[in-house]
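Residues per chain are reported as follows:
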Amino acid sequence: MKLNITSHAFEKQNGTFHVSLVDEEQLQQQLQTLAITQPDQWLELSQYKAKFDETQLLIQQSNHAPALFLVGLGKARAIAGHKLIKLAHSIIKSLQNKAEKIILDLSALPQQFHYHFALALTQASYSFNQYKSKKTETILQEISFFASHLSTTQLAFIAAIHKGQNFTRDLGNQPGNICFPEYLAEQALVLAQEFPDLLKVTILDEKDMAELGMNAFLAVSQGSERPGRVVILEYSAQLEQKPVVLVGKGVTFDTGGISIKPAAGMDEMKFDMCGAATVLGVIRALCESRLAIKVVGALACAENMPSGKATRPGDIVTTLSGQTVEILNTDAEGRLVLCDTLTYIQRYDPELVIDIATLTGACVVALGQVVSGLFSADNTLANDLIEAGEQSFDRVWRLPVMEDYQELLDSPVADMGNIGGRFGGAITAACFLHRFTQEYRWAHLDIAGTAWLQGAQKGATGRPVPLLMQFLANRVQD
Ligand code: BES
Ligand code: MN
Ligand code: ZN
């Protein structure tokens, strides 16, 4: 999708549509400026009121005017961020098979929403039809913003986020028979081939992990025919600064292992690698935008399967950190692959570390599918993430990781168990990770509720790529 800014409201060109957001309270005045020949008469006939999400398509008013698509804002001064997502979907859905290019007049929309709306349009234009033998054609290729409060720099940044987020969504949507740990490693290598001057990729196989002592990680991958991988991506390694390290949970399919999950909805556990896919998407967006910041991505990729070689409940392993874990539930596998990876990345001397994981069903129960769970003992880091979430409209909500919860992880036989009992499941999972992240500034994002949607709209969202890109961009500016 090409994004640009135009100073021409109308363009007589085949395949170009003019889209105008209209304010219910300014409807009359706005219509005067549009290429409608007799606005009063038209209003009378059409009964168009510009209510929220009320759309109207006008094809060829006269020979000189382009096709016009009106999109009602309702009362523009009362518009809210989440409503813009709905409007973006309406526009894309109505026009992506009709128009090659749209010119979008944003003048009726309060300025503080222009950036968010442009981003929302790129997100709404995503589709995944790789496995449909009959592909629905999308011809929309270009959006030109008219009367917008947007700079070309902002549009370039949105385009980079768009590419990264689409990459994350495509990876997330791949089924488990295609996307397994080696597949994710391969994706990282292909990305590095595309940007050889910016990216360096290192891959650990199971032999490397065994030599290092990453036994918690291996306890997850040992049940699968598909070998696990830790994939490291170093972006602009030549910069003289400590890196921001992003660690992603890449469980390419989570059956639960011997503590097997119920059948209903288990297909959704193909999305259990969305943390790793987010890290890959952020790295791609960084390459596209060439942001001047040093970032290391680490993907913890494994498949969680039951088999004769699988970990049994009650097994005890020694992690790379030296701490021992009694694996009471093999379905709490995310924290096991993450804890060893979080210890491993210490060698990159991180400025700070953020892990991104579809970690707990409890987080979905607590926060639903609107905000991601944020856990950090570091107030500055937590606040920076909250702010970046607001700016990108990819929001997070902070939950505690205080010491008081730690005793829930006590084990009579090992340093800790891998589950914390019935209460506060998202918190005890974060507390488990906290025991492995004492050496650096750290935050954890539980994206179990936000990484994908269910039902008719089932599919990966590409969140929190926009949040993390905003967070990184903010660090470059200050
Ligand atoms: N991948 C799941 C978390 C998950 C569940 C994400 C449902 C999205 C929807 C994770 O590995 C898991 O199974 N967690 C368990 C932990 C429990 C055994 C302590 C859970 O949440 O039930
Ligand atoms: Mn699990
Ligand atoms: Zn999982």
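Only a predicted model underlies this, so the values are computations on that prediction, with no experimental measurement involved.

Visitor: With reference to specific residues and values, describe the overall build of the protein.
Guide: Assigned secondary structure in the protein consists of 14 helices and 19 strands. Since a compact globule built from 478 residues should have a radius of gyration of about 23 Å, the 24 Å found for the protein is in line with a globular shape. Put simply, the protein has 478 residues, and 58% of those count as buried. Carbon and sulfur atoms provide 50% of the accessible area of the protein, an area that totals close to 19800 Å². Both charge centroids of the protein, one from 39 positive and one from 51 negative side chains, sit 6 Å from each other.

Visitor: Go over the coordination of the manganese ion (ligand 2), please, and point to the residues and values.
Guide: Listed as protein donors to the manganese ion (ligand 2) are Asp-254 (OD), Asp-331 (O), Asp-331 (OD) and Glu-333 (OE); their distances from the metal cover 2.0 to 2.2 Å. Around the manganese ion (ligand 2), the six donor atoms sit at angles spanning 71 to 167°, and that spread fits a shape best called irregular. For the manganese ion (ligand 2), the single-chain donor residues occur in sequence as D-x76-D-x1-E. The distance between the manganese ion (ligand 2) and the zinc ion (ligand 3) comes to 3.2 Å, and Asp-254 binds to both of them.

Visitor: Break down the side chain of Ser-376 for me, with residues and values.
Guide: For Ser-376, the location among the structural elements is in the loop between strand E14 (372–375) and helix H12 (379–392). Reaching out from Ser-376, the side chain makes a polar contact with the backbone oxygen of Trp-442 at a distance of 2.7 Å. Residue contacts for Ser-376: discarding those within four places in its chain leaves Leu-381, Ala-382, Arg-398, Val-401, Trp-442 and Ala-443.

Visitor: I'd like a description of the state of the cysteines, backed by residues and values.
Guide: Enumeration according to the criterion identifies zero disulfides in this entry. With no disulfide of its own, Cys-287 lies closest to Cys-301 among cysteine sulfurs, the gap being 17 Å.

Visitor: Explain the layout of surface pockets to me, using residue names and the numbers behind them.
Guide: Empty space among the atoms can be located by rolling a probe the size of a water molecule over them. Roughly 1400 Å³ of volume is contained in the largest pocket. Residue lining of the largest pocket: 45 residues in total, with His-89, Ala-124, Arg-169, Leu-453 and Gln-457 positioned closest to the centre. Listed by contribution, the elements that provide at least two residues to the lining of the largest pocket are helix H3 (81–95), helix H4 (114–124), helix H5 (152–173) and strand E19 (459–460). Considered class by class, the residues forming the lining of the largest pocket number 14 nonpolar, 21 polar and 10 charged. Taken as a whole, the second largest pocket encloses approximately 800 Å³ of empty space. Lys-261, Leu-359, Thr-360, Gly-361 and Ala-362 are the residues nearest the centre of the second largest pocket, which is lined by 32 residues in total. Those elements giving two or more residues to the lining of the second largest pocket turn out to be strand E9 (244–254), helix H10 (334–344), helix H11 (361–367) and helix H13 (425–434). For the lining of the second largest pocket, the leading source of residues is H11, giving three residues.

Visitor: Hey, could you go over the UniProt feature "binding site: Mn(2+) 2" (unreviewed entry) in the protein for me, with residue numbers and the actual values?
Guide: Per the UniProt entry, the sites bearing "binding site: Mn(2+) 2" (unreviewed entry) are Lys-249, Asp-254, Asp-272 and Glu-333 in this numbering. A stretch of 85 residues holds the annotated residues, and the largest C-alpha distance among them is 11.3 Å, short enough that they meet in one place. Restricting the annotated residues to those that line the largest cavity leaves Glu-333. Following the sequence through the fold, Lys-249 ends up in strand E9.

Visitor: Could you give an account of empty space enclosed by the protein, naming the residues involved and the relevant values?
Guide: Inspection of the entire model under this criterion finds one cavity of 30 Å³ or more. One number sums up the size of the largest cavity: a volume of about 70 Å³. The wall of the largest cavity is formed by 13 residues, among which Ala-219, Val-220, Asn-304, Thr-311 and Thr-330 lie closest to the centre. Split into classes, the residues belonging to the lining of the largest cavity amount to seven nonpolar, five polar and one charged.

Visitor: Got a sec to walk through the UniProt feature "active site" (unreviewed entry) in the protein? Specific residues and values, please.
Guide: Per the UniProt record, the feature "active site" (unreviewed entry) sits at Lys-261 and Arg-335. The annotated residues named above include Lys-261 and Arg-335 as those lining the second largest pocket. Take Lys-261: it is sitting in the loop between E9 and helix H9 (274–289). By relative accessible area, which is 23% here, Lys-261 ends up partly exposed. Look past the residues within four positions of Lys-261 in its chain and what remains in contact with it is Asp-254, Thr-255, Gly-256, Met-266, Met-269 and Asp-331. Inspection of the secondary structure assignment puts Arg-335 in helix H10.

The rules behind each value
- Residues numbered from 1 in each chain as written.
- Chains lettered and ligands numbered in written order.
- Predicted model: local features only at pLDDT ≥ 70, side-chain atom pairs only at ≥ 80, totals over all residues.
- Heavy atoms only, no water.
- Helix = DSSP H or I, 4+ residues; strand = E, 2+ residues; numbered from the N terminus.
- Rg over C-alpha atoms; globule rule 2.2 N^0.38 Å.
- Buried < 20%, exposed > 50% of the residue type's maximum accessible area, 1.4 Å probe, protein only.
- Areas by Shrake-Rupley, 256 points an atom, 1.4 Å probe, with all protein chains shown as cover.
- Lys, Arg positive; Asp, Glu negative; His and termini not counted.
- Charge placed at Lys NZ, Arg CZ, Asp CG, Glu CD.
- Donors = N, O, S within 2.8 Å, 3.2 Å for Na, K, Ca; no water.
- Tetrahedral: all angles 85-135°; square planar, octahedral: opposite > 155°, others 65-115°.
- Polar contact = N/O pair within 3.5 Å; in protein donor to acceptor, adjacent residues only side chain to side chain.
- Contact = heavy atoms within 4.5 Å.
- Disulfide = S-S within 2.5 Å.
- 1 Å grid on protein atoms, 1.4 Å probe; cavity = no way out; pocket = protein on both sides within 12 Å on 5 of 7 lines; lining within 4 Å.
- Points joined across faces, edges and corners; volume = space filled by probe spheres on them.
- Nonpolar A, V, L, I, M, F, W, Y, C, P; charged D, E, K, R; others polar.
- UniProt positions renumbered as here; feature names shortened; annotations may be inferred.

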